[in-house]
Amino acid sequence: MHTLPAIAPERLPALLAAMPKAELHIHIEGSLEPEMIFALARRNGAALPYDGVEALRRAYAFSDLQSFLDIYYAGASVLLHEQDFYDLASAYLARAATDNVVHAEIFFDPQTHTARGVSMGTVVRGLHRACVDARAEFGISATLIMSFLRHLSEEDAFATLEQAMPFLDCIIGVGLDSSELGHPPEKFARVFERCRRLGLHVVAHAGEEGPPAYIWGALDVLRAERIDHGVQAVHDAALMRRLAQDRIPLTVCPLSNQKLCVFPDLSRHNLVQLLGAGLVATVNSDDPAYFGGYINDNLIRTFAALAVLTAQNAWQLARNSFEASFVTDADKRVWHQRLDECFERHAARG
Ligand code: ADE
Ligand code: ZN
């Protein structure tokens, strides 16, 4: 492993903020801030069952994944037109660029919208145009991953894939999200096989609340290239070995895990254990508008809560984020070099 010059612990927050990084686990609907929910509701003439932004924010007290998903799907109902999806993604990408995110792989949940009569084209065209413009406007590259909702049927996922066929040029891969418990990866074996045959990348949420068996299923049945969350893997030694040996990345989301009570507190998060076992762990924001922070907030607050984490770990997390991304090897080399230059600049300052 690359050995770093010493960097004083009090300089860690600035370093975490400044280092170039990729974000690989962000649900675009989860970046919908309360202010934008109200602005879009006004623009689209939609009624909301909350008195205002502060009342809505007060409702963001979650006890588990499902308690969050209920409010998250309700929030997304203000998204109706192509411009709404454009504005949403553009706001996220502008914000991510200020965190020195140089590349983002963005989840979107089409079924949340198509079920309300919003077409696949409306969703994808708006999101894709924002990704294209962000490269010129904010200097960030961005791609889209279409997520199937696992609380719905595989038949529904197949219908969604069919609707996405004209837009596959704008989509790099598929994912699996929503209510995990009771919806194992095996439920989606056939639709994921079809996606793989279409040349799409494959990732899946697994082991957020669900057992290690769901991570095994995501790997062996869906053939997932990355596991989203995956923090429950620590309960299965053989699985930990498999993830390390095959260099299967985990896209870990510490503030999400805290807000959804996966861990009682950030200081009890198992990121140190995951990194210590040699896993390709990355840190991401999941649903930043709901969980109290974007990617740098996740990094800075996690490092503050887990005081054993060092500059070496910071470098590893950023390096992992590029290794785990679906970009060309040439792009990875450029970003690895920019990362090393950033650490050298910080080390030179003492
Ligand atoms: N959709 C948005 N955020 C999610 C999460 N943390 N887990 C599963 N599905 C989600
Ligand atoms: Zn997620």
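Quick note: structure is the one above.
Residues numbered from 1 in each chain as written. Chains lettered and ligands numbered in written order. Predicted model: local features only at pLDDT ≥ 70, side-chain atom pairs only at ≥ 80, totals over all residues. Heavy atoms only, no water.

Undergrad: Go over the pairing of strand 2 (residues 101-108) with me, naming the residues and quoting the values.
TA: The buried fraction of strand 2 amounts to 8 of the 8 residues, a majority that puts the element mostly inside the structure. The pairing of strand 1 (residues 21-27) with strand 2 spans 5 bridges and is classified as parallel. Bridge pairing links I26 to I106 in strand 2. Summarising the sheet, strand 2 and strand 3 (residues 141-149) pair through 6 bridges and their orientation is parallel. Residue pairing across strands places E105 opposite T143, the latter belonging to strand 3. (Buried < 20%, exposed > 50% of the residue type's maximum accessible area, 1.4 Å probe, protein only. Helix = DSSP H or I, 4+ residues; strand = E, 2+ residues; numbered from the N terminus. Pairing = 2+ DSSP bridges.)

Undergrad: A description of the coordination of the zinc ion (ligand 2) should follow, citing residues and the corresponding values.
TA: Protein-derived ligands of the zinc ion (ligand 2) are H25 (NE2), H27 (NE2), H205 (NE2) and D286 (OD), with the metal-ligand distances lying across 2.0 to 2.2 Å. Classification of the site at the zinc ion (ligand 2) as irregular follows from its 4 donor atoms and the range of 83 to 174 degrees in their angles at the metal. The sequence pattern describing where the donors of the zinc ion (ligand 2) fall on their chain is H-x1-H-x177-H-x80-D. Residue H25 shares its accessibility class with H27, and that shared class is buried. (Donors = N, O, S within 2.8 Å, 3.2 Å for Na, K, Ca; no water. Tetrahedral: all angles 85-135°; square planar, octahedral: opposite > 155°, others 65-115°.)

Undergrad: Report on the sheet that holds strand 2, specifying residues and quantitative values.
TA: Strands sit in the order 1-2-3-4-5-6-7-8 across an open sheet of 8 strands; the sheet is parallel. With partners counted over all chains shown, the strands left at the sheet margins are strand 1 and strand 8 (281-283), one partner each. Here the strands of the sheet are splayed against their neighbours by 25 degrees on average, with no regard to which way each runs. Inspection of the sheet shows strand 5 (residues 201-206) paired to strand 6 (residues 226-229) by 4 bridges, in the parallel sense. Its bridge partner lying in strand 6, H205 is registered against D228. Where helix 7 (residues 120-138) meets the sheet, it contacts strand 2 and strand 3, and its direction lies at approximately 155 degrees from that of strand 3. (Axes fitted to C-alpha atoms, helices over the stretch in contact; angles between N-to-C directions. Contact = heavy atoms within 4.5 Å.)

Undergrad: Now, about the site of ligand 1: what can you tell me, with residues and values included?
TA: In the vicinity of ligand 1, the contacting residues are H27, L65, F68, L69, Y72, D177, S178, H205, E208, H229, D286 and D287. H27 is positioned with one of its side-chain polar atoms (N or O) 3.4 Å from a nitrogen atom of ligand 1. Contacts to ligand 1 include E208, whose side-chain N or O atom sits 2.7 Å from a nitrogen atom. In terms of residue count, helix 4 (residues 65-75) provides more of the shell around ligand 1 than any other element does, 4 residues in total. Each residue belonging to the shell around ligand 1 can be placed in one class, and the counts come to 4 nonpolar, 4 polar and 4 charged. (Near = heavy atom within 4 Å. Polar contact = N/O pair within 3.5 Å; in protein donor to acceptor, adjacent residues only side chain to side chain. Nonpolar A, V, L, I, M, F, W, Y, C, P; charged D, E, K, R; others polar.)

Undergrad: An account of the packing of helix 8 (residues 154-164) against helix 9 (residues 189-197) is needed here, citing residue identities and associated values.
TA: Contact geometry of helix 8 with helix 9 gives a least axis separation of 8 Å together with a crossing angle of 20 degrees. For the element pair helix 8 / helix 9, the angle class is roughly parallel. Seen from helix 8, the contacting residues are E154, A157, F158 and L161; seen from helix 9, they are A189, R190, V191, R194 and C195. The residue makeup of the contact of helix 8 with helix 9, split by class, is 6 nonpolar, no polar and 3 charged. (Parallel < 35°, antiparallel > 145°, perpendicular 65-115°, else oblique.)

Undergrad: Residue-level account of helix 4, with values.
TA: When we look at burial in helix 4, the residues that qualify are L65, F68, L69, I71, Y72, Y73 and G75. Turning to helix 4, the residues buried within the fold contact strand 1, helix 2 (34-44), helix 6 (110-114), strand 3 and helix 14 (288-291).

Undergrad: Tell me about the packing of helix 16 (residues 311-323) against helix 17 (residues 329-348), and please be specific about residues and values.
TA: Where helix 16 meets helix 17, the closest approach of the two axes is 9 Å, and the angle between their N-to-C directions is 165 degrees. Considering their axes alone, helix 16 and helix 17 lie roughly antiparallel with respect to each other. Crossing geometry of helix 16 relative to helix 17 is assigned as right-handed. Between helix 16 and helix 17, the residues in contact are A311, A314, W315, A318, R319, F322 and E323 and K332, W335, H336, L339, D340 and F343, respectively. (Left-handed = near helix turned anticlockwise from the far one by under 90°.)

From the geometry alone we can't say anything about function, so treat these as descriptive.
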